[in-house]
Amino acid sequence: MNKFGNLIRTKREKQDMLLRHLSAELDIDTAQMSKIERGERTAKREHVHQLIKIFNLNEAETTALWLADQVYAVVENEDEALKALIVVEKEVKYQKKVIK
């Protein structure tokens, strides 16, 4: 799964922006940015916020894609992944209620 990286690559290419130019804006090397786009590396949260601004993306949707890629990387080879995700979903919903 590489929803976040695919989104960033699509937006970059749509704007005819070179990978090295985007990398320079994030102050990371081109190889690292390439790996983020290919899903071989996870972007740091600070880079996610910068990319949202650079490409004028929806913050909630983009952050959700980034988080989803991270969660998937943790559970992708686990037999009980779906059960674990259900437990997490319930906990997140519970915590949201407690905070409100």
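Up top is the structure.
The rules we used
Residues numbered from 1 in each chain as written. Predicted model: local features only at pLDDT ≥ 70, side-chain atom pairs only at ≥ 80, totals over all residues. Heavy atoms only, no water. 1 Å grid on protein atoms, 1.4 Å probe; cavity = no way out; pocket = protein on both sides within 12 Å on 5 of 7 lines; lining within 4 Å. Points joined across faces, edges and corners; volume = space filled by probe spheres on them. Helix = DSSP H or I, 4+ residues; strand = E, 2+ residues; numbered from the N terminus. Salt bridge = Lys/Arg side-chain N within 4 Å of Asp/Glu carboxyl O. Buried < 20%, exposed > 50% of the residue type's maximum accessible area, 1.4 Å probe, protein only. Core = buried A, V, L, I, M, F, W, Y, C linked by side-chain atoms within 4.5 Å. Contact = heavy atoms within 4.5 Å.

J.: Is there a simple way to explain the layout of surface pockets in this structure?
T.: In this approach the atoms are scanned with a rolling probe the size of a water molecule, which exposes any empty space left behind. By volume, the largest pocket is sized at about 160 Å³. If you go around the largest pocket, you meet 16 residues; those closest to its centre are M1, G39, R41, T42 and D69. Elements represented by at least two residues in the lining of the largest pocket include exactly α1 (3–14) and α5 (59–75). For the lining of the largest pocket, the leading source of residues is α5, giving five residues.

J.: Help me understand the pattern of salt bridges, please; the structure alone is not making it clear to me.
T.: Pairing is possible between side chains of opposite charge, provided their charged atoms come close. Summed over the entire model, instances satisfying the criterion amount to five salt bridges. In this structure, the salt-bridge partner of E40 is R38, at a minimum N-O distance of 2.7 Å. Residue E40 is classed as exposed on the basis of its relative accessible area, which comes to 53%. Between K93 and E89 there is a salt bridge, with the nearest N and O atoms lying 3.4 Å from each other. With K93 and E89 both in helix α6 (residues 81–99) and four residues apart, the pair spans about one turn of that helix.

J.: Looking at this structure, I do not really get the environment of E46. What am I missing?
T.: When you line up the elements, E46 lands in helix α4 (residues 45–55). Taking C-alpha positions, E46 is 9.1 Å from L26, a pair spaced 20 residues apart along the chain.

J.: Explanation requested: the nonpolar core in the structure shown.
T.: A general feature of soluble globular proteins is that nonpolar side chains tend to end up buried together. Core analysis: the biggest nonpolar cluster contains 16 residues, and F4, I8, L22, M33, L51 and F55 have the highest contact counts within it. Residue assignment for this core shows that the elements contributing at least two residues are α1, α2 (19–26), α3 (30–38) and α4. It is α4 that contributes the most residues to this core, four residues altogether. Those residues in contact with L51 that lie beyond four places of it in its chain are F4, I8, L22, L26, N56 and L57.

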